[in-house]
Amino acid sequence: MSAYANPNALVSADWAQNILDDPGVRFVEVDVDTEAYRQGHIPGAVGWNWETQLCDSIRRDIISREELGQLLSRSGIGPDTHIVLYGDNSNWFAAWAYWQLRLHGIERVSLIDGGRAYWLAHGLPATTEVPEYAPTSVSLAEPDFATRAFQRDIAAQLDDPELALVDVRSPAEFNGELVAPPGMSETAQRAGHIPGATSAPWAQTVNEDGTFKSADELRVHYEARGVTPDKDVIAYCRIGERSSHTWFVLHELLGYERVRNYDGSWTEWGSIIGAPIENPAKTSAHGKVPA
């Protein structure tokens, strides 16, 4: 069985439990449900709110270098700290935080395999106590957007045979039956998917307990859909968190070198006037057979 390309990117819950008291490690929880952290979390872990701390509160964007540096300082994270992230929904937003940290050149960062649900299901230590840490001095480099795709990048490459555009949303979203998953407020004006995109749902990359499937299984999952290491791969979802999860799988676990996350995702593309869209559900409803 093949090993993951970057063995340091993913740690087991058992490994994490054994280093809970290590001062050189900072556990960080990032959840879709922003109230979950206060209901119980790993002892010593800080909670980051994806809605208010990991994105710009005025314009739609990830946080700036300065804001991320301040967040790290408040969390007691210094230049030599090993950041260990985890969260609900099999690490959706934990992967989003991981991707942002890597954009700023932070290399000592990992995800806990299985995330929050796995940790709690196995009765591992949890607390409601919110820790306080002394601020640190940390300096970040300007972000390198080599692993970030923008709408203009995709628009310019739509006809490029070397582009593997990966839609990681549910089949219902991909087919245009849903604009967003139930309960999600951020939506686009139109449903469907970007022309030429391949449906490769993120949920098919994890086991029932939320842990990642083996490297061999993951490789089969993507190569069967034409998503191969020689391609220029861009993943997208609705707002960028599920596609961060897929970016993590492709880039960190499988070692694909050319993988970008389009965090503008469907919320942006599906609202742009004149943007090309494929909508199999609507096409079928009008009596046409989807291509």
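Quick notes on the sheet that holds strand β2 (residues 25-30)
The five strands are arranged β1-β5-β4-β2-β3 in an open sheet whose pairing can be described as parallel. Of all strands in the sheet, those with a lone pairing partner are β1 (10-11) and β3 (46-48), marking the two edges. Note that β1 and strand β5 (residues 109-112) share two bridges and pair parallel. Bridge pairing in β5 places Val11 opposite Ile112.

Quick look at the layout of surface pockets
Approximately 390 Å³ is the volume found for the largest pocket. Considering the residues around the largest pocket, the lining is formed by 23 residues, among which Arg60, Asp61, Ile62, Ile239 and Asp263 are closest to the centre. Of the residues in the lining of the largest pocket, the class split is ten nonpolar, three polar and ten charged. Considered as a void within the structure, the second largest pocket measures approximately 330 Å³ in volume. The residue makeup of the lining of the second largest pocket, split by class, is seven nonpolar, five polar and six charged.

With respect to the packing of aromatic side chains
The geometry of an aromatic ring pair is captured by the separation of the ring centres together with the interplanar angle, meaning the angle of the planes. For the structure shown, the criterion picks out eight aromatic pairs. Plain terms: the ring middles of Trp50 and Phe93 are 4.2 Å apart, the flat faces sit at 15 degrees to each other, and that makes the pair stacked. A residue pair is termed long-range when its members are at least 10 positions apart, and Trp50 in the loop between β3 and α2 (65-74) and Phe93 in helix α3 (residues 92-103) qualify at 43 residues. Seen from their ring centres, Trp50 and Trp96 are 6.4 Å apart, and the 80 degrees between their planes marks the pair as edge-to-face. Residue Trp50 is located in the loop between β3 and α2, and its partner Trp96 is located in helix α3; the two are separated by 46 residues in the primary sequence. Exposure remark for Trp50: the relative accessible area of 11% places this residue in the buried category. What makes Trp96 buried here is its relative accessible area of 5%. Through a chain of ring-to-ring contacts, the aromatic side chains of Tyr98, Phe212, Trp247 and Phe248 assemble into a single cluster. Geometry around Trp92 places Arg242 over its ring, the cationic atom sitting 5.4 Å from the centre.

Examining the environment of Arg74
Along the chain, the position of Arg74 falls in helix α2. Along the chain, Arg74 and Ser137 lie 63 residues apart, while their C-alpha atoms are 9.6 Å from each other. Sequence-distant contacts of Arg74, that is, excluding residues within four places in its chain, are made with Gln53 and Tyr133.

Here is what the cut-offs are and how they apply
- Residues numbered from 1 in each chain as written.
- Predicted model: local features only at pLDDT ≥ 70, side-chain atom pairs only at ≥ 80, totals over all residues.
- Heavy atoms only, no water.
- Pairing = 2+ DSSP bridges.
- Helix = DSSP H or I, 4+ residues; strand = E, 2+ residues; numbered from the N terminus.
- 1 Å grid on protein atoms, 1.4 Å probe; cavity = no way out; pocket = protein on both sides within 12 Å on 5 of 7 lines; lining within 4 Å.
- Points joined across faces, edges and corners; volume = space filled by probe spheres on them.
- Nonpolar A, V, L, I, M, F, W, Y, C, P; charged D, E, K, R; others polar.
- Phe/Tyr/Trp six-rings, centres within 6.5 Å; stacked < 30°, edge-to-face > 60°.
- Buried < 20%, exposed > 50% of the residue type's maximum accessible area, 1.4 Å probe, protein only.
- Lys NZ or Arg CZ within 6 Å of the ring centre and 35° of its normal.
- Contact = heavy atoms within 4.5 Å.

That's the geometry; what it means functionally is another story.
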